[in-house]
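# Notes for the structure review
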Amino acid sequence: MHRVPTIKPASPFSPEAASESLRKAMKGLGTDEATIISILTHHSNEQRREIEKQFKTMYGRDLKSDLKSELSGRFEDVILALLDPPRVYDARELKNAIKGAGTDEAALIEILCTRSNAEIKEIKELYKAHFKRDLEKDLISDTSGDFRRLLVSQVNGHRDESGHVDAALAKAEAQELVQAGIKKVGTDEETFNRILCLRNYAQLRATFDAYKQIAGKDIEDSIKSEMSGNLEKGFLAIVRVARNVPAFFAERLYDSMKGAGTTDNTLIRIIVSRSEVDLGLIKREFQRMYGKTLASFIKGDTTGDYKNTLLALCGE
């Protein structure tokens, strides 16, 4: 998948000048929010971390602490998110999805089903380093049944990533999925789990095509009629990610803003975590799927500095 980021590294790059501007923006009475937004959204994540180090060297102050004391609400949330290394941010978001009453299963699915094996390995290491806990154990104690097994499969990060397609295997496994689902009284979730969590995405696409030929219906429709709840959402996420990653995220963004109220955590997480990956493609898919720009949705759903930061991250 080619990358179309909306945030690119600043060039020329002067961490010293950026640190100076940030200090000036927060010194004295009142805060110059526009400068903070401009600097943090015109540098890559790696550069922001350089700025953070430089800021401490120059002023003996912690940039995150200074920002926390100057900013508030959702604006503070999105600005602080920009200073976390990507996988630290993932680990933190997984922790937030697990802790407290109610679990944010959609966030668990979104992160664990869209990261590469190497990224998942890094997330697990950072989760342990930051929270002194084991991510897999936390997932096991927080979820149950077939959904728990799906997450454990994902968090093991052993999906084939070769991109190689075996047509005979696709046909055989499509047949297995038909037997495990629509041909069976009750569903054999284990077969779905094994195939959906093991195969590379190109192979899965071939399997889904074969499935449609054999079953006469789309795999997504079968999953919807055979499964329910979080397991259904998890399997559908894998199918959609295998088919079109930017479309998967476009749908998540749409769901976070449609109707009354906004799921800000989801909105912030996707915009921040995809801004240096494929947010350009996600914007394109959003427009194609919903006939409106992502920016117009953000403008209608958010306000003030929070809105301005999100729009800047979208390259608007």
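None of these values were measured; they are calculated from a predicted model.

At a minimum axis separation of 8 Å, helix α16 (residues 245–257) and helix α18 (residues 279–290) run at an interaxial angle of 65°. Here α18 runs roughly perpendicular to α16, going by the angle between their axes. At the point where α16 passes α18, the crossing takes the right-handed sense. Contact with α16, carried on its side by Pro246, Ala247, Phe249, Ala250, Glu251, Leu253 and Tyr254, involves Leu281, Ile282, Glu285, Phe286, Arg288, Met289 and Tyr290 of α18 and no other residues of that element. Residue composition of the contact of α16 with α18, by class: 11 nonpolar, no polar and 3 charged.

Our focus in this paragraph is the pattern of salt bridges. For the structure on display, the rule yields 27 salt bridges. Here Arg74 makes a salt bridge to Asp77, at a shortest N to O gap of 3.2 Å. Placement of both Arg74 and Asp77 in helix α5 (residues 73–81) is noted, with a separation of 3 residues, approximately one turn of the helix. When the shortest N-O distance is used, the salt bridge between Asp134 and Lys128 registers 3.5 Å. Linked through salt bridges whose partners overlap, the residues forming this network are Asp218, Glu220, Arg240, Arg243 and Glu251.

Residue position: Arg252 is located in helix α16. For Arg252, the residues in contact, after removing those within four places along its chain, are Ala106, Ala107, Glu110, Thr266, Arg269 and Ile270.

Moving on, we come to the packing of helix α14 (residues 219–226) against helix α15 (residues 229–243). Relative to each other, α14 and α15 sit at 175°, their axes nearing to 9 Å. It follows that α14 is roughly antiparallel to α15 by the angle criterion. Mapping the contact onto sequence places Ile219, Glu220, Ile223 and Lys224 in α14 and Glu232, Phe235, Leu236, Val239, Arg240 and Arg243 in α15. Taken together, the residues of the contact of α14 with α15 break down into 5 nonpolar, no polar and 5 charged.

A word on the state of the cysteines. Under the definition given, this model contains 0 disulfides. Considering cysteine sulfurs only, Cys197 is the nearest to Cys113, which forms no disulfide, with 7.0 Å between them. You can call Cys113 buried: its relative accessible area is 1%.

What counts and how
Residues numbered from 1 in each chain as written. Predicted model: local features only at pLDDT ≥ 70, side-chain atom pairs only at ≥ 80, totals over all residues. Heavy atoms only, no water. Axes fitted to C-alpha atoms, helices over the stretch in contact; angles between N-to-C directions. Helix = DSSP H or I, 4+ residues; strand = E, 2+ residues; numbered from the N terminus. Parallel < 35°, antiparallel > 145°, perpendicular 65-115°, else oblique. Left-handed = near helix turned anticlockwise from the far one by under 90°. Contact = heavy atoms within 4.5 Å. Nonpolar A, V, L, I, M, F, W, Y, C, P; charged D, E, K, R; others polar. Salt bridge = Lys/Arg side-chain N within 4 Å of Asp/Glu carboxyl O. Disulfide = S-S within 2.5 Å. Buried < 20%, exposed > 50% of the residue type's maximum accessible area, 1.4 Å probe, protein only.

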